[in-house]
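Coordinate analysis (summary)
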Amino acid sequence: MNWKEDAAAEFTRNRNRLMKEKTLEKIWEYGGSLVLALLILVVGILLIKLVIKITEKALDRTKLDKSVHKFVLTATRYALYIVLAVVILTSLKVPTAPLVTVLGACGAAVALALKDSLGNLASGIIILANKPFIRGDVIEVSGVKGKVQSIDLMVTTLKTYDNRIITIPNGTITASVMVNHSREENRRVDLTFTISYDSDIAKAKDVLLAVAESNPDILDDPEPVIGVAKHEDSGILLDFMVWCETSKYFDVKYYLGEQVKAAFDEADITIPYPQMDVRVIK
């Protein structure tokens, strides 16, 4: 029985030795993978910082708005860190296929849930890149008019003349007809005045021209345009169009509205008003 016991003991010793060797191999293997993962992490972080710095310098050379710079840099940083995480997991021999699948499904679900927000985000990038308006411009969009206070990636904020703050989604702006009232240096002031049929048209035009020449804010080039626009039931409608600097638009408009009335009164040019004759039959 001694030889059997010796054989069993030898078998046990050999088995324990093999298990220790396999354990050491696994430790070395996992240790090497861990060291490789740490090395990839350090090198990856350094490379990401380098890529971000290069991207930032490249963006500074473009005419894109600073908000676009921030978005591009943030998106690039997140994307690179996700790639780095996948590479590290792969070096640790962790199955990454299920993780990539889950990330793709989550991304699709998030994109579907946030489709309106993502649309506004894309529109914000388009606005900041194309610059149809900038901060300080007076714009009119979707029936709203005001001065642009800020342009963010998701919304644009306007301040109206009566001191209201209006926030408009960027998707609404890109999908609508937008009027920029202050992009050009000069702007035309269009007014109409009605005179009676008994008034002298030539004299009325001379009066309008004199009023225009009395205001230094009204430009000589282009010249003022004065003409008969329409024959209405109660009088003759005259177009009166002058040019001025965009910043002086309302000053010129209100000046003309006041001074033309006074000049017409002084020149005995009648501004008609609706009249009704009532005949009583007994």
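Given the structure is predicted, the values throughout are model-derived calculations rather than measurements. (Residues numbered from 1 in each chain as written. Predicted model: local features only at pLDDT ≥ 70, side-chain atom pairs only at ≥ 80, totals over all residues. Heavy atoms only, no water.)

1. So, the overall build of the protein
For the protein, the count of helices and strands is 7 helices and 8 strands. Buried residues in the protein amount to 27% of all 282 residues. Surface exposure of the protein reaches about 19400 Å², of which carbon and sulfur atoms provide 60%. (Helix = DSSP H or I, 4+ residues; strand = E, 2+ residues; numbered from the N terminus. Buried < 20%, exposed > 50% of the residue type's maximum accessible area, 1.4 Å probe, protein only. Areas by Shrake-Rupley, 256 points an atom, 1.4 Å probe, with all protein chains shown as cover.)

2. Here's the deal with a negative patch on the surface
Together, Glu213, Asp220, Asp221 and Glu223 make up a region of like negative charge exposed at the surface. Among the structural elements, aspartate 220 can be located in the loop between helix H6 (201–213) and strand E7 (225–231). (Patch = residues over 30% accessible without salt bridge, like charges linked within 9 Å, V, L, I, M, F, W, Y side chains within 5 Å. Salt bridge = Lys/Arg side-chain N within 4 Å of Asp/Glu carboxyl O. Lys, Arg positive; Asp, Glu negative; His and termini not counted. Charge placed at Lys NZ, Arg CZ, Asp CG, Glu CD.)

3. Describing the nonpolar core
By size, the foremost hydrophobic cluster in this structure holds 24 residues, and its most contacted members are Leu208, Phe240, Val242, Leu256 and Phe264. Counting only elements with at least two residues in this core, the list comes to strand E6 (186–195), H6, strand E8 (236–245) and helix H7 (249–266). Of all hydrophobic cores here, the second largest spans 13 residues; its members include Leu121, Ile139, Ile166 and Ile173. (Core = buried A, V, L, I, M, F, W, Y, C linked by side-chain atoms within 4.5 Å.)

4. Notes on H6
Taking 1.5 Å of rise per residue, 13 residues should cover 18 Å, and H6 covers 18 Å from first to last C-alpha, within 8% of that figure. All of the buried residues along H6 are Ala204, Val207, Leu208, Val211 and Ala212. Angularly, the buried residues of H6 cover 140 degrees about the axis, an arc narrow enough to put them on a single face. Across H6 from its buried face, at more than 90 degrees, point the exposed residues Asp206 and Glu213. For H6, the elements touching its buried residues are E6, E7, E8 and H7. Capping the start of H6 is the job of one residue whose side-chain oxygen sits 3.0 Å from the backbone nitrogen of alanine 202: aspartate 200. (Expected span 1.5 Å × (residues − 1). Arc of directions from axis to C-beta. Contact = heavy atoms within 4.5 Å. Polar contact = N/O pair within 3.5 Å; in protein donor to acceptor, adjacent residues only side chain to side chain.)

5. Things to note about the sheet that holds strand E2 (residues 144–151)
Within the open sheet, the 5 strands sit side by side as E4-E3-E2-E1-E5. Their pairing is antiparallel. In this open sheet, the two strands that pair with only one neighbour each are strand E4 (165–169) and strand E5 (178–180). Neighbour-to-neighbour, the strand axes of this sheet turn through a mean angle of 40 degrees, independent of strand direction. Note that strand E1 (residues 138–141) and E2 share 4 bridges and pair antiparallel. Among the inter-strand pairings, valine 141 is bridged to a residue of E2, identified as valine 144. (Pairing = 2+ DSSP bridges. Axes fitted to C-alpha atoms, helices over the stretch in contact; angles between N-to-C directions.)

6. Thoughts on the confidence of the model for the protein
Residues of the protein with pLDDT of at least 70 account for 77%, and the chain-wide mean is 81. The element-level mean pLDDT for the protein is lowest in helix H3 (residues 97–113), coming to 64, with E8 highest at 94. (pLDDT = per-residue confidence, 0-100.)

7. So, the packing of H6 against H7
For the pair H6 and H7, interaxial distance at closest approach is 10 Å and the crossing angle is 135 degrees. On the basis of their axis angle, the class for H6 and H7 is oblique. You can see that H6 and H7 cross each other, and the crossing is right-handed. Along its contact with H6, which presents Ala204, Val207, Leu208 and Val211, the element H7 presents Tyr255, Leu256, Gln259, Val260, Ala263 and Phe264. (Parallel < 35°, antiparallel > 145°, perpendicular 65-115°, else oblique. Left-handed = near helix turned anticlockwise from the far one by under 90°.)

8. A closer look at the pairing of E8
Along E8, 7 of the 10 residues are buried, which leaves the element largely enclosed by surrounding structure. Taken together, the 10 bridges between E6 and E8 define a ladder with antiparallel strand orientation. Pairing of valine 189 across the sheet is with valine 242, part of E8. Bridging between E7 and E8 involves 6 bridges; their strand directions are antiparallel. Residue valine 228 lies in a different strand from E8, and its bridge partner there is leucine 238. Connecting E7 to the antiparallel partner E8 that follows it, the hairpin turn spans 4 residues.

9. A word on the sheet that holds E6
In any sheet, the strands associate via hydrogen bonds between backbone groups, in a parallel or an antiparallel arrangement. Within the open sheet, the 3 strands sit side by side as E6-E8-E7. Their pairing is antiparallel. Only two strands of the sheet have a single partner each, and these edge strands are E6 and E7. Taking the axes of each pair of neighbouring strands and ignoring which way they run, one obtains an average angle of 25 degrees across the sheet. Across the sheet, H6 lies against E6, E7 and E8, angled at about 20 degrees from E8, the strand it touches most. Contacting E6 and E8, H7 crosses the sheet at an angle of about 25 degrees to E6.

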